[in-house]
Amino acid sequence: MNQPVYDKKDQFDKVVSGLLQGETVIAVYDAIGTGTGFIGLTDRRVIIQDNSFAGKRMALTSIPYSKVQSVSFISDKSVFGKWASTSEIAVQAGGRSYEVAFRGNDKAKHCHDVILWKIS
């Protein structure tokens with residue numbers, strides 16, 4: 001079995017603390033930009049931390065793979081090369097789009113591929 005990958009231990013621990021019985025973590029990646037704190041992928045769902053609420057409130061949104069309608073990979077390759085590039089994924093579920101941005105392309109590509117594999 002593959003070991004989960006993650007950027008920050010506290011984000012990984014937050015996802016692990018909310019797992020359902022028998023659920024396993026695939027990856028937890030830190031996000032850039034305002035609003036989203038991280039994205040977690042388990043074998044059952046996508047978990048997105050939204051920090052955009054007033055008063056230091058945040059939400060953890062769980063999206064079961066069965067409810068995901070589509071996933072997009074958006075890349076903005078910088079003229080400075082790989083180090084300055086950013087990428088995003090957009091997850092469509094329940095009539096809403098959840099967007100998560102990352103530094104580089106690897107994390108967004110991995111998230112995109114895992115979600116696509118789970119919904120196909």
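Residues numbered from 1 in each chain as written. Predicted model: local features only at pLDDT ≥ 70, side-chain atom pairs only at ≥ 80, totals over all residues. Heavy atoms only, no water.

Draft legend 1. Structural detail: helix α2 (residues 106-119). In this model, α2 (14 residues) spans 20 Å end to end at C-alpha, consistent with the 20 Å of a helix rising 1.5 Å per residue. Within α2, the full set of buried residues consists of Ala-108, Cys-111, His-112, Val-114 and Ile-115. Viewed end-on, α2 has its buried residues packed into an arc of 170 degrees, placing them on one side of the element. Among the exposed residues of α2, those oriented more than 90 degrees off its buried face are Asp-106 and Trp-117. (Helix = DSSP H or I, 4+ residues; strand = E, 2+ residues; numbered from the N terminus. Expected span 1.5 Å × (residues − 1). Buried < 20%, exposed > 50% of the residue type's maximum accessible area, 1.4 Å probe, protein only. Arc of directions from axis to C-beta.)

Draft legend 2. The sheet that holds strand β1 (residues 5-6), seen in detail. Across the sheet, which stays open at both edges, the five strands sit in the order β1-β2-β3-β4-β5 with mixed pairing between neighbours. Looking at the sheet topology across the chains shown, the edges are occupied by β1 and β5 (59-64). Sheet contacts for helix α1 (residues 9-17): β1, β2 (25-30), β3 (36-42), β4 (45-50) and β5; angle to β2, the most-contacted strand, approximately 135 degrees. Across the sheet, α2 lies against β1, β2, β3 and β4, angled at about 145 degrees from β2, the strand it touches most. (Pairing = 2+ DSSP bridges. Contact = heavy atoms within 4.5 Å. Axes fitted to C-alpha atoms, helices over the stretch in contact; angles between N-to-C directions.)

Draft legend 3. Up close: the confidence of the model for the protein chain. Per-residue pLDDT for the protein chain averages 88, and the proportion of residues at 70 or more is 87%. Mean pLDDT in the protein chain bottoms out at strand β7 (residues 81-93), which sits at 80, and peaks at β2, which reaches 97. (pLDDT = per-residue confidence, 0-100.)

Draft legend 4. How the structure looks around the pairing of β2. Taken across its six residues, β2 has five buried, putting it largely inside the fold. Note: β1 against β2, two bridges, orientation parallel. By the bridge assignment, Val-5 is partnered in β2 with Ala-27. One crossover worth recording links β1 to the parallel β2 by way of α1, and it is left-handed. Examined bridge by bridge, β2 and β3 share five bridges and lie antiparallel to one another. (Right-handed = clockwise from strand over helix to strand, strands pointing away.)

Draft legend 5. View of the pattern of salt bridges. Inspection of every chain in the model, using the stated rule, returns five salt bridges. Across the salt bridge formed by Lys-9 and Asp-13, the nearest N and O atoms sit 2.8 Å from each other. Of this pair, Lys-9 and Asp-13 both sit in helix α1, four residues apart, roughly one helical turn. Close ionic contact of Glu-23 with Arg-45 constitutes a salt bridge, the shortest N to O distance being 2.7 Å. Here Glu-23 is found in the loop between α1 and β2, whereas its partner Arg-45 is found in strand β4, with 22 residues between them in sequence. Side by side, Glu-23 and Arg-45 carry an identical accessibility label, which is buried. (Salt bridge = Lys/Arg side-chain N within 4 Å of Asp/Glu carboxyl O.)

Draft legend 6. Geometry of the nonpolar core. The biggest cluster of nonpolar side chains holds 21 residues, and the ones touching the most others in it are Ile-39, Ile-89 and Ile-115. Broken down by element, the residue count for this core peaks at four residues, all from α2. Not counting residues within four places of it along the chain, the set of residues in contact with Ile-89 comprises Ile-39, Ser-72, Ile-74, Tyr-98, Glu-99, Val-100, Phe-102, Ala-108, Cys-111, His-112 and Ile-115. If you look at the next biggest cluster of nonpolar residues, it comprises six residues, including Val-15, Val-28, Phe-38 and Ile-47. (Core = buried A, V, L, I, M, F, W, Y, C linked by side-chain atoms within 4.5 Å.)

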